[in-house]
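Here's the letter readout for the chains.
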Amino acid sequence: MKLYVAIPVLCEFSNLESLLDDFRNQSLSDFKVLFCINNPEEWNFDQTHKDDVVDNQKSLQFLQNIKDIDVEVLDKTSRGNGFDIKIAGVGLARKVLMDRISEIASDDDIIVSLDADTHFNQDYLLSIKKNFLQNKNAHAISVPYYHNLTGDAEQDFCILRYEMYMRHYMINMLKINNPYAFTALGSAIALPVWAYRKIGGIVPRKSGEDFYLLQSLRKSGEIISWNDEHVYPQGRFSDRVAFGTGPAMIKGKNGNWDSYPFYNENIFKEIEETFSLFGDLFENDIETPMSEFLRNAFKTNDLWSPLRKNYKSVDKFIHACTVKVDGLKILQYLRLRQQNLPQTEYVIEQSVRDVMYAVENRMRRIEN
């Protein structure tokens, strides 16, 4: 079992030395790091992006000269090699990396998805390997993460607020035992090569490719949400992608957290009730709390009979319902219902911290 680390790079030259030091310090030695240095081809002829291209060229030259680590550099930045601007982005970079790994790796090897601004301890790669050796059927690990604080009060507040949004969502999904109880960060995912091949690879989206990757993997099998070692990404104000950590922080800096609320816990109970009724839906059409939303979302009044025709056992029918009402549909439902309900308020920060420790301990027990 060899580990292949996939890292997209765009204007990250200042982070590369410390990133490579983290690899040099790893207790596990059998790994290869692949970098995809990327930008749209149009940037090579656009003076407004001159600094970005120069930064990428510095990264390219720097990484091509690394000799003490097993490194492969995919050049998607130089003239003639850049991405089509219509599809350029971190999603395409991750696809190029993971597709390359799928070409050269064995089924039982592991893809570790990271970002160039992420730090990790010396046993991180070893912990990933051990986790998969103990959970051989797992399709992925959604690695626990903690964004490093910077000492800048405004920046730290924004990243903590965003993390609280992410963790509040996951805690409530865990409470209702929902199969899509995970949060997605591109710097905090690991998966076996066989699982990547099984789902047909990653779809190169401009944003949210990490979420859709984990969702596809979860529809195919189990996702582990605990790992002994964590990753520590940077929380940066960034507009490189349409949504995610950077754009959320920018919105929050301007006082707008509307897209990242603490969803009312009663909505999660509605989702829980809906999922609990999938077995009853095998026999007859009945109303669930999500029925009206799902009819509108799928533009049909006949939600379940096509599944009954294709899946003749209760277990397979329930699984098909779970695939149909997926993580994206859950998020859409939460956002729709949240418009008419008050946010769940958290007053004492320590209480949130205590809940997180309790959930992590529970997850550790589950995985063991």
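What comes next concerns the included structure. If you're wondering where the values come from, they're calculated on a predicted model, not measured in any experiment. (Residues numbered from 1 in each chain as written. Predicted model: local features only at pLDDT ≥ 70, side-chain atom pairs only at ≥ 80, totals over all residues. Heavy atoms only, no water.)

1. Notes on the sheet that holds strand S4 (residues 110–113)
Turning to step 1, where the next piece is worked out: With mixed pairing, the 7 strands of this open sheet are ordered in space as S3-S2-S1-S4-S7-S6-S8. Only two strands of the sheet have a single neighbouring strand rather than two, namely strand S3 (71–76) and strand S8 (223–224).
Turning to step 2, where the next piece is worked out: As judged from the 4 bridges shared by S4 and strand S7 (residues 189–192), these two strands associate in the antiparallel manner. In the sheet register, Ile110 faces S7, and the bridge partner there is Pro192. (Pairing = 2+ DSSP bridges. Helix = DSSP H or I, 4+ residues; strand = E, 2+ residues; numbered from the N terminus.)

2. A word on the pairing of S7
Turning to step 1, where the next piece is worked out: With burial as the criterion, each face of S7 is covered, one bearing Ile189 and Leu191 and the other bearing Ala190 and Pro192.
Turning to step 2, where the next piece is worked out: Pairing of strand S6 (residues 140–142) with S7, which is carried by 2 bridges, proceeds in the antiparallel orientation. Of the residues in S7, the one forming a bridge with Ser142 is Ile189. (Buried < 20%, exposed > 50% of the residue type's maximum accessible area, 1.4 Å probe, protein only.)

3. A short note on the pattern of salt bridges
Turning to step 1, where the next piece is worked out: All chains considered together, the criterion is met by 19 salt bridges.
Turning to step 2, where the next piece is worked out: For Lys95, the salt bridge goes to Asp99, with nearest N and O atoms at 3.0 Å. Here Lys95 and its partner Asp99 are both found in helix H3 (residues 90–104), 4 residues apart, which amounts to about one turn of the helix.
Turning to step 3, where the next piece is worked out: Between Arg167 and Glu163 there is a salt bridge, with the nearest N and O atoms lying 2.9 Å from each other. (Salt bridge = Lys/Arg side-chain N within 4 Å of Asp/Glu carboxyl O.)

4. Concerning the packing of helix H1 (residues 13–24) against helix H2 (residues 50–64)
Turning to step 1, where the next piece is worked out: Where H1 meets H2, the axes come as close as 9 Å, and the angle between the chain directions of the two elements is 25°. Compared by their axis directions, H1 and H2 come out roughly parallel. Contact residues: H1 offers Phe13, Leu16, Glu17 and Leu20, while H2 offers Asp55, Lys58, Ser59, Phe62 and Leu63.
Turning to step 2, where the next piece is worked out: In the contact of H1 with H2, the residues fall into 5 nonpolar, 1 polar and 3 charged. (Axes fitted to C-alpha atoms, helices over the stretch in contact; angles between N-to-C directions. Parallel < 35°, antiparallel > 145°, perpendicular 65-115°, else oblique. Contact = heavy atoms within 4.5 Å. Nonpolar A, V, L, I, M, F, W, Y, C, P; charged D, E, K, R; others polar.)

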